[in-house]
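Summary of the model geometry
Here are the chains, one letter per residue:
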Amino acid sequence: MAISSFKKQEDFSLLYKKGKRFQTKNLSFCFVPSQQKQARFGIVVGKKLSKKAVTRNLVKRRIRALIRENQQQLEKCRQDVLITVNPTAATVKMDELKKDFLSFLSRSHQS
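Quick notes on the rules
- Residues numbered from 1 in each chain as written.
- Predicted model: local features only at pLDDT ≥ 70, side-chain atom pairs only at ≥ 80, totals over all residues.
- Heavy atoms only, no water.
- Pairing = 2+ DSSP bridges.
- Helix = DSSP H or I, 4+ residues; strand = E, 2+ residues; numbered from the N terminus.
- Phe/Tyr/Trp six-rings, centres within 6.5 Å; stacked < 30°, edge-to-face > 60°.
- Buried < 20%, exposed > 50% of the residue type's maximum accessible area, 1.4 Å probe, protein only.
- Core = buried A, V, L, I, M, F, W, Y, C linked by side-chain atoms within 4.5 Å.
- Contact = heavy atoms within 4.5 Å.
- Patch = residues over 30% accessible without salt bridge, like charges linked within 9 Å, V, L, I, M, F, W, Y side chains within 5 Å.
- Areas by Shrake-Rupley, 256 points an atom, 1.4 Å probe, with all protein chains shown as cover.
- Salt bridge = Lys/Arg side-chain N within 4 Å of Asp/Glu carboxyl O.
- Lys, Arg positive; Asp, Glu negative; His and termini not counted.
- Charge placed at Lys NZ, Arg CZ, Asp CG, Glu CD.
- Arc of directions from axis to C-beta.

An order of β1-β4-β5-β3-β2 is seen for the five strands of this open sheet, with the pairing classed as mixed. What marks the edges here is a single partner per strand, and that holds for β1 (4-5) and β2 (20-23). Inspection of the sheet shows strand β3 (residues 27-33) paired to strand β5 (residues 79-85) by seven bridges, in the antiparallel sense. For V32, the partnering residue across the bridge sits in β5 and is D80.

Structure follows, in structure tokens:
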């Protein structure tokens, strides 16, 4: 089963209002149990991270790659997750983002 994204403003608003929060050095997560049959993701990368779209898109690609790598674990948890990227993430290596993402996965399975 594929992991999809959400794009509607009401989905983002629901997560901001009712979602549980978890924060690491580079990423912030809001998550709620999904009303769909699959996990869904939203990624927010603001211009504070970088004025250059190339840099912001690079970070988004890295996060989507982490989502694909951990697809089986994410399908089990069936949650809507909003990932907000902190400005420090522009300069970190992929390994650091992976460590933050895996710490979120272990936390979300406990909830």
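To continue, consider the packing of aromatic side chains. By the definition in use, this model includes seven aromatic pairs. Ring centres of F22 and F104 lie 6.5 Å apart, and the angle between their planes is 35°; this geometry places the pair in the tilted category. With a gap of 82 residues between them, F22 in strand β2 and F104 in helix α4 (residues 94-110) connect regions that are remote in the sequence. This pair shows no difference in class: F22 is buried, exactly as F104 is. Taken together, a centroid distance of 6.3 Å and an interplanar angle of 55° make the contact between F29 and F101 tilted.

Turning our attention to the nonpolar core. Across soluble globular proteins, nonpolar side chains have a tendency to be buried as a group. Judged by nonpolar contacts, the single largest core of 23 residues is most densely connected at F29, F41, I83, V85 and F101. Looking at this core, the elements that each hand over two or more residues are β3, β4 (40-45), α2 (53-69), α3 (71-77), β5 and α4. Sequence-distant contacts of F101, defined by excluding residues within four places in its chain, comprise L27, F29, F41, L66, I67, N70, L74 and I83. One finds F12, L15, C30 and L82 within the second-largest nonpolar core, a separate group that totals six residues.

The next point concerns a positive patch on the surface. The grouping of K7, R61, R64 and R68 at the surface amounts to a positive patch. Relative to the elements of secondary structure, R68 occurs in helix α2. Note on R68: relative accessible area 56%, which makes it exposed.

Next up on the list: helix α1 (residues 9-18). Turning to α1, its buried residues number three or more, namely D11, F12 and L15. Taken end-on, α1 shows its buried residues confined to a sector of 100°, consistent with a single buried face. Residues Q9, E10, K17 and K18 are exposed on α1 and point more than 90 degrees away from its buried face. In this structure, the buried residues of α1 make contact with β3, β4 and β5.

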